[in-house]
Amino acid sequence: MEIGRVNPAQRLEDQGITGLNKVYYNLMEPALIEEALKRGEGRLGNGGAFLVATGVHTGRSPKDKHVVRTPDVEDTIWWENNRPMDPEAFDRLHADMLAHLEGREVFVEDLFAGADPANRLDVRVVTEMAWHGLFSRHMLRRPNREELDSFAPEFTVINCPSFKADPERHGCRSKTVVAMNFAKKLILIGDTEYAGEIKKSVFTLMNYILPGKGIMAMHCSANHASGNPVDTAVFFGLSGTGKTTLSADPARTLIGDDEHGWSDRGTFNFEGGCYAKTINLSAEAEPEIYATTGKFGTVIENMVYDEETKELDFEDDSLTANMRCAYPLHYISNASDTALGGHPKNIIMLTCDAFGVLPPIARLTPAQAMYHFLSGFTSKVAGTEKGVTEPEPTFSTCFGAPFMPRRPEVYGNLLREKIAKHGATCWLVNTGWTGGAYGTGSRMPIRDTRLLLTAALDGSLNDAEFRKDPNFGFEVPVRVDGVADVLLDPRKTWSANDEYDAQAQKLVGMFAENFAQYVPFIDDDVKAAALG
């Protein structure tokens, strides 16, 4: 039995998926919520939000993600970062998952990955749970209803949480599996209800396909000047660096908060929504994101709430610290209608330096930008994890290693070429500690970070006087209106210069040790920019 709207030549049976009890094609948000409630998948929250818990898996399972080792990708996948799966094992996994689905009901959403029609990917998401269909409609881009009549999926994602893989039979690590087969244009997800696996699987897919077309795929947020898409900025950054907060500038238009491409036509969002962390979210600090948690259809994932009033508890992390909300981009008032921007005029690389060594802002050459892009540095701080007693460096290449199927240099070279071609100015912005390391110093004042960022984006910072940093070689402004001069020179914020110097050399050594793995693959100008 079939319900909904679909291209009659592109039903599931045309893809070899048969024996199902009922198929719901392209239901819209109200119908998906009705079906999810009917099935007991979650609860209805205030404002029509959908409250759900994902069970054992409250985050991604990166160790259970595999790429099928087929001849077409053998020489282009970064195998040191992507677990291989034999094609024969994948075929068994695929057959067993389809057999498992026989007699069951599924939900199908036909969606676009990519706001640029010239570079988008038509993706079909098949889900066992109705709320996963709702999530997918938020996170990917929704065709208009007429476009569904001719929609032909290029890739298909099958998400089946009730299916448990057999590691021996299916060539995987555990019962949980995410398997990507580029030759068969198919992604299989099993034994996890965490919806983020769908989002990041499609992101990984785009990160493989687009560089082959000369398009830079980026784990970043992006905005542009109000009324002027030509003045676009992108913000690379790992968790805790301020990527979402700093790009959500009410004076600028939000293109997107997480995944973007940079083509010869400009910048474009891959997604149609946002997937924001909600731990300690407040109406004062993040009013727009906070407001989405009480809007119709927003998926509230793994948050504790009052059983009677359905009031959300933004501080209770007993389910997970990775509590989130997923909502369509138009729920943010200053979001772009097109999710398109121009070629970035400014590229911001965000880091949270808990060592207290890096300045609040520095200007990078294209070679230095590639160096810091490949390094992807931020810090874990003492107390955040058991056994962490001092700041620990975290290097995640391209600011998103888990989602990078190709070697890092592919993305680094693309970035450098585009910077050179379009004349983007690159900045390293430290939102971490000043006046000492974590435990002694204090967090970089957000007011000063915003002032410096505004000066960078409006071009006035380029007219400032700069000095060359003796440890890292980049340029640091000497004076910026509204910002204390001492803040711009981190060595002067420490009580003891020798302690700063020792800490700086320690961090430089960590950078050098991490970067050694890329040296055989990079050009001489980037080698010259390398530390140590």
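Residues numbered from 1 in each chain as written. Predicted model: local features only at pLDDT ≥ 70, side-chain atom pairs only at ≥ 80, totals over all residues. Heavy atoms only, no water.

The test is simple: UniProt positions are given in the numbering used here, feature names are shortened, and annotations may be inferred rather than shown by experiment.
By the naming in an unreviewed UniProt entry, the protein is Phosphoenolpyruvate carboxykinase (ATP), taken from Rhodovulum iodosum. Quoted verbatim from the Sequence similarities (unreviewed entry) heading of the UniProt record, the comment on the protein is "Belongs to the phosphoenolpyruvate carboxykinase (ATP) family." Here the protein is described in UniProt, under the heading Pathway (unreviewed entry), as follows: "Carbohydrate biosynthesis; gluconeogenesis."

### Examining helix α8 (residues 366-375)
Selection rule: Residue exposure (1.4 Å probe, protein chains only): buried if accessible area is under 20% of the type maximum, exposed if over 50%, otherwise partly exposed. Secondary structure elements are taken from DSSP: a helix is a run of H or I of four residues or more, a strand is a run of E of two residues or more, and numbering for both begins at the N terminus.
With nine of 10 residues buried, α8 lies mostly within the body of the structure. Note on α8: the residue one or two positions beyond its end, Gly-376, has a positive phi of about 60°.

### A short note on helix α9 (residues 408-422)
Going by this rule: To estimate how far a helix should reach, multiply one less than its number of residues by 1.5 Å.
In a regular helix each residue adds 1.5 Å, so 15 residues correspond to 21 Å; α9 covers 21 Å between its end C-alpha atoms and thus fits that length. When we look at burial in α9, the residues that qualify are Pro-408, Glu-409, Tyr-411, Gly-412, Leu-414, Leu-415, Arg-416, Lys-418 and Ile-419. Count one or two residues on from α9 and you reach Gly-423, which has phi positive near 70°.

### Some points on the side chain of Glu-29
Heads up, the condition is: In this analysis, two residues are considered to be in contact whenever any of their non-hydrogen atoms come within 4.5 Å of each other.
Looking at the element boundaries, Glu-29 is found in helix α1 (residues 29-38). In this structure, Glu-29 is in contact with Leu-134, Arg-137, His-138, Arg-142 and Phe-296, ignoring residues within four places of it in sequence.

### Remarks on the environment of Leu-44
Looking at the secondary structure, you find Leu-44 in strand β3 (residues 43-44). Judged by relative accessible area, Leu-44 falls into the partly exposed class, the value being 43%. Distance in space between the C-alpha atoms of Leu-44 and Gly-297 is 9.2 Å, their sequence separation being 253 residues. With sequence-adjacent residues up to four places away left out, Leu-44 is seen in contact with Ile-33, Leu-37, Ala-49, Leu-51 and Lys-310.

### What to know about the packing of aromatic side chains
For clarity, the threshold we go by: Only the six-membered ring of Trp is used, alongside the rings of Phe and Tyr, when aromatic pairs are assigned; centres must lie within 6.5 Å, and planes under 30 degrees apart are stacked while those over 60 apart are edge-to-face, with the rest tilted. We call a charge positioned over a ring when the NZ of a Lys or the CZ of an Arg lies within 6 Å of the ring centre and within 35 degrees of the ring normal.
Applying the stated criterion to the full structure yields 23 aromatic pairs. On the numbers, 6.1 Å between centres and 55° between planes, the contact of Phe-203 with Phe-270 is tilted. Taken together, the residues span a long stretch of sequence, with Phe-203 in helix α5 (residues 196-209) and Phe-270 in the loop between β16 (266-269) and β17 (273-277) at a distance of 67 residues. Judged by relative accessible area, which is 0%, Phe-203 ranks as buried. Put simply, the rings of Phe-355, Tyr-371, Phe-377, Phe-395, Phe-472, Phe-474, Phe-511, Phe-515 and Tyr-518 touch in pairs and so form one group of aromatic residues. The ring centre of Tyr-275 lies 4.8 Å from the NZ or CZ of Arg-324, which sits over that ring.

### Side note on the pattern of salt bridges
Rules: Salt bridges are counted wherever a side-chain nitrogen of Lys or Arg sits within 4 Å of a carboxyl oxygen of Asp or Glu.
Applying the stated criterion across every chain yields a total of 37 salt bridges. The partner of Arg-120 in a salt bridge is Glu-147, with the nearest N and O atoms 4.0 Å apart. Of this pair, Arg-120 sits in the loop between β7 (105-113) and β8 (121-127) while Glu-147 is found in the loop between α3 (130-139) and β9 (155-160), placing the two residues 27 residues apart along the sequence. By relative accessible area, which is 27% here, Arg-120 ends up partly exposed. The salt bridge involving Asp-264 is made with Lys-421; its shortest N-O contact spans 3.8 Å. With Asp-264 in the loop between β15 (259-263) and β16 and Lys-421 in helix α9, this residue pair connects regions lying 157 residues apart in the sequence. Classification of Lys-421 by relative accessible area gives exposed; the value is 60%. Taken together, the shared-partner salt bridges in this structure form one network comprising Lys-199, Lys-200, Lys-243, Asp-258, Glu-259 and Glu-271.

### Regarding the UniProt feature "binding site: Mn(2+)" (unreviewed entry) in the protein
UniProt records the feature "binding site: Mn(2+)" (unreviewed entry) for Lys-200, His-219 and Asp-258 in the present numbering. What stands out for the annotated residues spanning 59 residues is how close their C-alpha atoms remain, the widest pair being 10.5 Å apart. Looking at the secondary structure, you find Lys-200 in helix α5. With residues up to four places along the chain from it excluded, the contact list for Lys-200 reads Arg-60, Lys-65, His-219, Asp-258, Glu-259 and Phe-403. With respect to the helices, strands and loops of the structure, His-219 is situated in strand β12 (residues 216-225). For His-219, a relative accessible area of 9% corresponds to the buried category.

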